[in-house]
Amino acid sequence: MATPSANKVQQLKDMANRLRVDSIECTNAAGSGHPTSCCSAAEIMSVLFFHVMRYKLDPPKDASNDRFVLSKGHAAPVLYAAWAEAGLFPVKDLLQLGKMGHDLEGHPTPRLNFIDVATGSLGQGLSNAAGMAYVGKYWDKASYRTYCVIGDGESAEGNIWEACAFASYYKLDNLVAIFDVNRLGSSSTSLEHNTDVYKARLEGFGFHTIVLDGHDVEALCKAFHDASTVKDKPTAIVAKTFKGKGIPGIEDELNWHGKALGGKAEAALKAIGDLIVNKGPHGMLPNPAVNDAPAVSIANIKLSEAPSYKKGDKIATRKAYGSGLIKIGNSNQRVVSLDCDTKNSTFAEDFRKVHPDQFVECFIAEQNMVGVAIGCACRDRTVAFGSTFAAFLSRAYDQIRMGAISQTNANFCGSHAGISIGFDGPSQMALEDLAMFRAIQGSTVFYPSDAVSMERAVELAANTKGICFIRSSRPATPVIYDGQEEFRVGLAKVVKQSESDKVTVIGSGITLAEAVEASTLLAADSINIRVIDPFTIKPLDKDTILAAAKATGGKIVTVEDHYPEGGIGDAVAGALSEETGIVIKKLAVKELPRSGPPQVLLEAFGIDRNAIVAAVKGLLETV
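Residues numbered from 1 in each chain as written. Predicted model: local features only at pLDDT ≥ 70, side-chain atom pairs only at ≥ 80, totals over all residues. Heavy atoms only, no water.

Enquirer: Which parts of the structure should I look at to understand the side chain of S40?
Expert: Counting through the fold element by element, S40 comes out in helix α2 (residues 35-40). The contacts of S40, once residues within four sequence positions are left out, are K72, D180, N182, H215, T241, F242, K243 and G244. (Helix = DSSP H or I, 4+ residues; strand = E, 2+ residues; numbered from the N terminus. Contact = heavy atoms within 4.5 Å.)

Enquirer: Can you walk me through the pairing of strand β18 (residues 555-559) in this structure?
Expert: Within a regular beta strand, the side chains point alternately toward one face of the sheet and then the other, so they alternate between its two faces. Counting buried positions over the 5 residues of β18 gives 5, a clear majority of the element. Neither face of β18 is open: one carries K555, V557 and V559, the other I556 and T558, and all of them are buried. Pairing geometry for strand β15 (residues 501-507) and β18, over 4 bridges, is parallel. Bridge pairing in β18 links G507 to V559. Handedness of the β-α-β unit built from β18, helix α20 (residues 568-575) and strand β19 (residues 583-587) comes out right-handed. (Buried < 20%, exposed > 50% of the residue type's maximum accessible area, 1.4 Å probe, protein only. Pairing = 2+ DSSP bridges. Right-handed = clockwise from strand over helix to strand, strands pointing away.)

Enquirer: In this structure, what is going on with the sheet that holds strand β10 (residues 411-415)? I would like to understand it.
Expert: Reading across from one edge, β8-β7-β9-β10-β12-β11-β17 is the order of the 7 strands in this open sheet, with mixed pairing throughout. Of all the strands in the sheet, the pair left with one neighbour each is β8 (359-361) and β17 (536-538). Ignoring strand direction, the axes of neighbouring strands in this sheet form an average angle of 20 degrees. Examined bridge by bridge, strand β11 (residues 444-446) and β17 share 2 bridges and lie antiparallel to one another. The partner of V445 across the bridge, within β17, is K538. Taken strand by strand, helix α10 (residues 317-331) contacts β7 (335-339), β9 (383-389) and β10, and its axis lies near 165 degrees from that of β9. (Axes fitted to C-alpha atoms, helices over the stretch in contact; angles between N-to-C directions.)

Enquirer: I tried to follow the pairing of strand β3 (residues 175-181) on my own but got confused; where do I start?
Expert: The element β3 is largely enclosed, with a buried count of 7 among its 7 residues. Side chains of β3 alternate between two faces, with L175, A177, F179 and V181 and V176, I178 and D180 buried alike. As paired strands, strand β2 (residues 146-151) and β3 are joined by 6 bridges and run parallel to one another. Bridge pairing in β3 links C148 to A177.

Enquirer: Help me out: how do you make sense of unusual backbone geometry in this one?
Expert: For residues that are not glycine, phi is negative in most cases, and the peptide bond is trans in most cases. At the junction of D58 and P59, the peptide bond is cis and its omega measures out at -5 degrees in the coordinates. Tracing the sequence through the fold places P59 in the loop between α3 (42-52) and β1 (67-70). At the junction of K538 and P539, the peptide bond is cis and its omega measures out at -5 degrees in the coordinates.

Enquirer: I keep staring at the packing of aromatic side chains and nothing clicks. Help me out?
Expert: Following the criterion strictly, the structure yields 22 aromatic pairs and no others. The interplanar angle of 75 degrees and the centroid separation of 5.8 Å between the aromatic rings of F49 and Y55 together place this pair among those described as edge-to-face. Here the two residues F49 and Y55 agree in accessibility, since each one is buried. Taken together, a centroid distance of 6.2 Å and an interplanar angle of 75 degrees make the contact between Y80 and F114 edge-to-face. Taken as a pair, Y80 in helix α4 (residues 76-86) and F114 in the loop between α4 and α5 (125-140) lie far apart in primary sequence, 34 residues in all. Each member of the pair Y80 and F114 is classed as buried. (Phe/Tyr/Trp six-rings, centres within 6.5 Å; stacked < 30°, edge-to-face > 60°.)

Enquirer: Where do I start with the packing of α3 against helix α8 (residues 217-229) in this structure?
Expert: Each pair of packed helices can be described by the angle between their axes along with the distance between the axes. The geometry of α3 relative to α8 is characterised by a closest axis approach of 10 Å and an angle of 55 degrees between their N-to-C directions. On the basis of their axis angle, the class for α3 and α8 is oblique. Where α3 crosses over α8, the handedness of that crossing is right-handed. Residue-level inspection shows E43, I44, V47, L48, H51 and V52 of α3 in contact with α8, the latter providing V217, L220, C221 and F224. In terms of residue class, the contact of α3 with α8 is made up of 8 nonpolar, 1 polar and 1 charged. (Parallel < 35°, antiparallel > 145°, perpendicular 65-115°, else oblique. Left-handed = near helix turned anticlockwise from the far one by under 90°. Nonpolar A, V, L, I, M, F, W, Y, C, P; charged D, E, K, R; others polar.)

Enquirer: Looking at this structure, I do not really get the side chain of S64. What am I missing?
Expert: Tracing the backbone shows S64 in the loop between α3 and β1. Note on S64: relative accessible area 6%, which makes it buried.

Enquirer: Got a minute to help me understand the pattern of salt bridges in this structure?
Expert: Pairing is possible between side chains of opposite charge, provided their charged atoms come close. Counting across every chain of the model gives 32 salt bridges. Two residues, D62 and K56, come together in a salt bridge whose shortest N-O distance is 3.7 Å. Notably, a salt bridge pairs K245 with E251, separated by 3.9 Å at the nearest N-O pair. Connected through shared salt-bridge partners, D140, R334 and R381 make up one network. (Salt bridge = Lys/Arg side-chain N within 4 Å of Asp/Glu carboxyl O.)

In structure tokens form, the structure reads like this:
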């Protein structure tokens, strides 16, 4: 309703002040938090949760419910208060804010059953919301809408504007971004209350933009109604607000960011409480959801057919990534591929050709791509695979880290790993990516060494909880596995072995191929080695590696197209750290690399077959 009744307007004003009271009380009980940030957004939250949004409480993440993302995650108490006042849980539970063991944490996380994505690292929520809106418009084709509240301070983050470009390009008219322009963070924002500049920027990005007084309930109701009538473009509401609204002596003042009110709380609560006209139970209920989101199953996704490569043929694992995507896309229409204008190099292009409606071009905006993928994966509506050069995923590391906190099941494939890419040089060479993804909580890190294992890695990632990273390589490597070979997360493969093996050599991708070649050279000198393909670097198959080490006199050589820190060698050393009688020689890229032919670079930086031969012989001579 564009113009609510006078009674409803008063109810919404009262609710805004109830939300302020709740936020001040719970942050004061916690002795920490951002009550002033909550107060600036109180009318926005009141109108959204008690007039605009359509949702059910059981369950709060029903597929047909409207979505809400609080990008300014430090205002979590006002969000918790909105859900409590809506009846999801008792209002008194708000006083457990920040207490150890309670899920009402200082910033929102999906430990709470009403939170889709973790927020608090600023500037990311709009990308998540755009992913949710994309799913709603193009795949679910459902009535639910997505709302995202953004702080004006965080609009200095480039990720916000990447998300704006994406939302406009894809005409996400089911997305509303609300900018809470309260002018103050820890210091004054660069634009302060200059809402005309926000309006110009957002219109320049293609948003239908409305500027209003963010404490005017009637204006907010009208703006949200107008947004629901706009077609083929997202809406932005630029709400001029005041930090600490309603708190005497604190409203619109510096130095109150991130502070509970302490001794000033009593006066603040009285001043705000006096503004509430209807003192009794409010009796306000959510608008019912439109139950039109389709039933979706993303369980037990399989390759539509087994890998059909011929052993010995040389196929780049990046190409097999595209083949694997196609095959799981054949099996389930909810498999989604996203890419950052590198699809012809990552071979996501092959998937796009076969399944164009399941492909999302994110252009050169890696942070946004990761955020959109996380949004797409919410509520188990899709199985998302995002791809780009592995080196460029480092630009989105914070988004990936927040994805883990969000308990996302999004998958990422990084191609062009290591110096083996050759001529493009160090700016394109991912040499930190294994360390980066191994450090992500709950992650699974795949490093397939041939086309068969790559297709199986894609299949496994589609069914594995948490963030999955698949490392792909540019050079073609020999097919070493039969199409029916079974692969499991955390299960290594012994590629070569004999009863007289002297040393265990562990490599992946191009270095596994080099290790196999080294085994032939060493055999000519009557030295047999055991060659292991870890398949997953996290979790690592400790049992297989330890058994091999014991069978080869405790001598191990690891070889990787990666810097020494945090890669295969460190993973092996960490897994065996409590074992005795084991010596590990780590071969890795130990200097800043440069351009050159791949094989020349492998030799120059000491990770080719000859370096492996020398390392094996050196171990045998010294141990």
